[in-house]
Amino acid sequence: MEEINLILAKNLKAFRENKKLSLEKVAELTGVSKTMIGQIERGESSPTITTIWKIANGLKISFSSLIDHPRPDTTVVLKSDIRTLTEDNGKYLVYPHFPFEADKRFEVYSIEIEAGGLHRADPHQEGTEEFLTIFGGELTVRLNDHEYILKDGDSIRFKADKPHAYLNTGGTLTRLSMILYYPN
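If you're wondering where the values come from, they're calculated on a predicted model, not measured in any experiment.

## A few points about the pairing of strand β4 (residues 118-121)
At step 1: Alternating positions in β4 separate cleanly, His119 and Ala121 being buried on one face and Leu118 and Arg120 remaining unburied on the opposite face.
At step 2: Here four bridges tie β4 to strand β9 (residues 164-167), and the two strands are oriented antiparallel to one another. Considered in β9, the bridge of alanine 121 is made with histidine 164.

## Side note on the domain arrangement of the protein chain
At step 1: When cut into domains, the protein chain gives domain 1 (4-67) and domain 2 (79-181).
At step 2: Taken over C-alpha atoms, the centre of domain 1 sits 42 Å from the centre of domain 2.

## Comments concerning the packing of aromatic side chains
The way to describe two aromatic rings as a pair is by their centre distance and the angle between their planes.
At step 1: Applying the stated criterion across every chain yields a total of three aromatic pairs.
At step 2: Aromatic pair tyrosine 92 and tyrosine 166: ring centres 6.3 Å apart, planes at 15°, arrangement stacked. One end of the pair, tyrosine 92, is in strand β2 (residues 92-98); the other, tyrosine 166, is in strand β9, and 74 residues separate them in sequence.
At step 3: Each ring, one from phenylalanine 100 and one from tyrosine 182, has its centre 5.5 Å from the other, and the planes form 85°; the classification is edge-to-face. On the criterion of sequence distance, the pair formed by phenylalanine 100 in the loop between β2 and β3 (106-113) and tyrosine 182 in the segment after β10 (174-181) is long-range, its members being 82 residues apart.
At step 4: Residue tyrosine 182 is classed as buried on the basis of its relative accessible area of 14%.

What counts and how
Residues numbered from 1 in each chain as written. Predicted model: local features only at pLDDT ≥ 70, side-chain atom pairs only at ≥ 80, totals over all residues. Heavy atoms only, no water. Buried < 20%, exposed > 50% of the residue type's maximum accessible area, 1.4 Å probe, protein only. Helix = DSSP H or I, 4+ residues; strand = E, 2+ residues; numbered from the N terminus. Pairing = 2+ DSSP bridges. Domains from an automatic or database assignment. Phe/Tyr/Trp six-rings, centres within 6.5 Å; stacked < 30°, edge-to-face > 60°.

Pasting the structure below:
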């Protein structure tokens, strides 16, 4: 329980200072006394769940943002640490660098497709867009009745809420970056 109180103390103080709110203003917004807010920020209090909810609701932030470890300002993702996903007998490899997170509306992947490799994608949720940039090789993107041939340095953006496919039509490995952007 002590660790949660320390996390809560750090998160509440960081939020308040980031928003430039005084203890008095936080007390006014949340209905929790200025004294209690100060004690929580100093780690001198073990507030009830009800008190934490009052603070979260009053500040219009999530409950979990008060009690979870804060994300670091910098995240390094080593390719060797990524769990690779494969299809087409290993010809289509996906590296989820930044998978979907509830408070984000995007995810980031790098993809490698061997010569002749093909991936047929089912439609994503309505309004989803894909942003692809080719960093090596050649890629044919099939959308509806159209084919777009992209080479090193080319990019494409499209609505991904319809079936689509990726095919390496070149003779070498195709490398690309993919960002999936989800609507609200």
